[in-house]
Amino acid sequence: HKFMPKVHPTEALFLLNLCITYESDQRQNSGEDGNAEKGLSLRSRCVEATKNWKVAFGSSVLSNKRKRSSLNDEYSNLHFPLKVELMEAALVSANIEYEK
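Calculation criteria
Residues numbered from 1 in each chain as written. Predicted model: local features only at pLDDT ≥ 70, side-chain atom pairs only at ≥ 80, totals over all residues. Heavy atoms only, no water. Helix = DSSP H or I, 4+ residues; strand = E, 2+ residues; numbered from the N terminus. Buried < 20%, exposed > 50% of the residue type's maximum accessible area, 1.4 Å probe, protein only. Contact = heavy atoms within 4.5 Å. Areas by Shrake-Rupley, 256 points an atom, 1.4 Å probe, with all protein chains shown as cover. Polar contact = N/O pair within 3.5 Å; in protein donor to acceptor, adjacent residues only side chain to side chain. pLDDT = per-residue confidence, 0-100.

1. Details of the overall build of the protein chain
Then, in step 1: Each helix and strand counted, the protein chain has 5 helices and 2 strands in total.
Then, in step 2: For the protein chain, the N- to C-terminal ordering of α and β elements is α-β-β-α-α-α-α.
Then, in step 3: In the protein chain, which comprises 100 residues, the proportion classed as buried is 33%.
Then, in step 4: Here the analysis covers contacts within the protein chain between residues at least 6 apart in sequence; of these, 62% occur between residues at least 24 apart.
Then, in step 5: In the structure as shown, the protein chain presents an accessible area of about 7,100 Å², 53% of it carried by carbon and sulfur atoms.

Right, here's the structure in full:
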């Protein structure tokens with residue numbers, strides 16, 4: 001968290017895949033006192049980054065095109081509950097943009 005407090009949206013899917021590969025796909029990291037500190041895990045920072053959905057997903061996930069791209073592969077490899085969480089964050093963000 002000290003070295004990468006924010007995740008750029010273009011890197012979020014790649015880093016989420018690393019979390020899954022190395023089995024660090026937890027929602028929260030434990031603090032020194034054993035209590036979970038919300039928002040410090042790489043996973044939660046990546047989910048936060050996907051709120052900028054235009055940058056994070058581009059057209060690879062949200063379009064009808066079936067081109068195979070590395071971004072599409074990165075999204076396809078994610079666990080289903082995580083995909084739902086990402087799409088929910090993106091949808092809420094898009095709705096906020098629409099209402100402005």
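2. Here's the deal with the side chain of Ser93
Then, in step 1: Mapped onto the fold, Ser93 is located in helix α5 (residues 80-99).
Then, in step 2: Among the polar contacts listed, one links the side chain of Ser93 to the backbone oxygen of Lys51, at a separation of 2.5 Å.
Then, in step 3: Setting aside residues no more than four positions away along its own chain, Ser93 makes contact with Lys51 and Trp53.

3. Focus: helix α1 (residues 12-21)
Then, in step 1: For α1, the tally of buried residues reaches 7 of 10 residues, placing the bulk of the element in the interior.
Then, in step 2: Residues of α1 that are buried: Ala12, Leu13, Leu15, Leu16, Asn17, Cys19 and Ile20.
Then, in step 3: Glu23, located one to two residues past α1, shows a positive phi value of around 55°.

4. A few points about helix α2 (residues 42-49)
Three or four residues apart is the spacing at which side chains of an α-helix point the same way, because the helix has 3.6 residues per turn.
Then, in step 1: Here α2 has its buried residues at Arg43, Arg45, Cys46, Val47 and Ala49.
Then, in step 2: Where α2 is buried, its residues touch α1, α3 (53-57) and α5.

5. Observations concerning the confidence of the model for the protein chain
Then, in step 1: A residue-level look at the protein chain finds 67% of positions with pLDDT of 70 or above and a mean pLDDT of 75.
Then, in step 2: Contacts for the low-pLDDT stretch residues 28-37, under 50 throughout, to residues beyond four places or in other chains number 14 contacts.

6. Some thoughts on the environment of Val7
Then, in step 1: Along the chain, Val7 falls in the segment before α1.
Then, in step 2: Val7 sits in the buried class, given a relative accessible area of 9%.
Then, in step 3: Among residues more than four places away in sequence, those in contact with Val7 are Ala12, Leu15, Leu42, Arg45, Cys46 and Ala49.

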